[in-house]
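Inside the fold
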Amino acid sequence: MITSAVTISLVPEARGGPFVFWDDLEAGCARAAALGFDAIEIFPTHADDLDGLVLRELLRKHGLRLAAVGTGAGWVRRKLRLTDPDPHVRMCARDFIGAVIDFAGGFGAPAIIGSMQGRWGDGVSREQALAWLKEELDQLGPRAHALETPLLYEPLNRYETNLFNTVADSLGFLATLRTQNVKLLCDLFHMSIEEADIAGALKRAGPKLGHVHFADSNRRAIGWGHTDIAPVAEALKSMGYAGHVSAECLPLPDSDAAAAQTIASFRRWFR
Ligand SMILES: [Mn+2]
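Numbering of residues starts from 1 in each chain and follows the order in which that chain's sequence is written. Local features are withheld for residues below a pLDDT of 70 in this predicted model, meaning they are given only at 70 or higher, and side-chain atom pairs are given and counted only at 80 or more; totals for whole chains, interfaces and linings count all residues. Heavy atoms throughout the structure, all of them, feed into the side-chain values; hydrogens and water do not.

Description of helix α4 (residues 87-105)
The following threshold applies: Each helix is a run of H or I in the DSSP string that is no shorter than four residues. Each strand is a run of E no shorter than two, and both are numbered from the N terminus. The span one expects for a helix is its residue count, reduced by one, times 1.5 Å. Under the rule applied, a polar contact is a pair of N or O atoms within 3.5 Å (in protein, one hydrogen donor and one hydrogen acceptor; residues adjacent in sequence only if both atoms are side-chain atoms).
Taking 1.5 Å per residue, 19 residues should reach 27 Å; α4 reaches 26 Å between its end C-alpha atoms and fits that length. Of the residues flanking the start of α4, the one acting as N-cap is Asp86, its side-chain oxygen 2.8 Å from the backbone nitrogen of His88.

Structure, rendered in structure tokens:
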């Protein structure tokens, strides 16, 4: 069964970014539950800044699950990335992500590698950047596997990375890894920029699809842009996808309205 999730960002530096709820984990959980979401996706400043006991109690109290945990704060706050030319920066990036893998794994949830993948250029060749990314994913993938969770790799649009922008190219890269535990996070906003056929790309990912970011073409809540959702929903259902569709969209016109529009769209297409 496909389940719904909504994002909660706890990263002050990311204000203005595409997250539905902000700053307050308890309030975000309460709103998510009131609207009928199945799960939350958290963007923490660092894994160590999350209190596992507090989170467990909040999830229990509100009947929610943890869908995934993002690692983008490592880039936003500390400029860490897995393809940095400085080996110390790569090591810190790996540690940052590893701590999120361990924390999320305790809740049966995967960590997400999005902006922490970095990019090539500025003296780093594409070949070198991909070799470093491969090396890091081959260490982090098994770490997640030990916790029985996948590790999520998210292709981003061309304005955010020059490593991989499409599902097809990302699948080709994942096939070169030793670990089989890295799955794709397909973000419908990035896909609306990069894919010729979003539904076709999702089907192509097939069993490698681990998570979906649910946002329209303009990164607003689903239904408020021009993405044709019908074939996208049909593709996810027909391929037997059984993960979350998680609202990673702009909080416009405000958080509650974006969340309400998302859950209305979710019910329309998946219930
Ligand atoms: Mn995303």
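That shown, we press on.
Thoughts on the pattern of salt bridges
Put simply, the test is: The term salt bridge refers to a side-chain nitrogen of Lys or Arg lying within 4 Å of a carboxyl oxygen of Asp or Glu. For the exposure calls, accessible area comes from a 1.4 Å probe over protein chains only, and a residue counts as buried if that area is under 20% of its type's maximum, exposed if over 50%, partly exposed in between.
Tallied over the full model, the rule gives 14 salt bridges. The closest approach of N and O atoms between Lys134 and Asp138, which form a salt bridge, is 3.5 Å. Separated by four residues within a single helix, Lys134 and Asp138 lie in helix α5 (residues 126-145), roughly one turn from each other. Residue class for Asp138 comes out buried when judged on its relative accessible area of 7%. Asp138 serves as the salt-bridge partner of Arg178, at 4.0 Å between the closest nitrogen and oxygen. Pair noted here: Arg178 is in the loop between α6 (167-174) and β7 (182-187) and Asp138 is in helix α5, with a separation of 40 residues, a long-range link. Among the ionic contacts, a cluster of salt bridges with common partners joins Glu160, Asp187, Arg219 and Glu248.

Considerations on the packing of α4 against α5
Definition in use: Whenever a helix is involved, its axis is fitted only over the stretch in contact; in every case the axis is a line through C-alpha atoms, and angles between N-to-C directions fall within 0 to 180 degrees. Here the angle decides the label: under 35 degrees means roughly parallel, over 145 means roughly antiparallel, 65 to 115 means roughly perpendicular, and every other value means oblique. Helix crossings are classified by the rotation of the near helix relative to the far one: an anticlockwise turn of less than a right angle makes the crossing left-handed, while a clockwise turn makes it right-handed. Residue contacts are counted whenever heavy atoms from the two residues lie within 4.5 Å of one another. Think of it as three bins: nonpolar holds Ala, Val, Leu, Ile, Met, Phe, Trp, Tyr, Cys and Pro, charged holds Asp, Glu, Lys and Arg, and polar takes everything else, Gly as well.
Close contact between α4 and α5 brings their axes to 10 Å; oriented N to C, the two are set at 25°. In terms of orientation, α4 and α5 fall into the roughly parallel class. Remark: the crossing between α4 and α5 carries right-handed chirality. Between α4 and α5, the contacting residues are Arg90, Arg94, Ile97, Gly98, Ala99, Ile101 and Asp102 on the first element and Trp132, Glu136, Gln139, Leu140, Arg143 and Ala144 on the second. Here the contact of α4 with α5 is built from residues that sort into six nonpolar, two polar and five charged.

Quick look at the environment of Leu184
The residue Leu184 is located in strand β7 in this model. Given the relative accessible area of 0%, Leu184 is considered buried. Remark: the alpha-carbon pair of Leu184 and Gly206, spanning 22 residues in sequence, is separated by 9.7 Å. In this view, Leu184 contacts Leu152, Tyr153, Pro155, Val167, Ser170, Leu171, Leu174, Ala205, Lys208, Leu209, Gly210 and His211; residues no more than four positions away in its chain are not counted.

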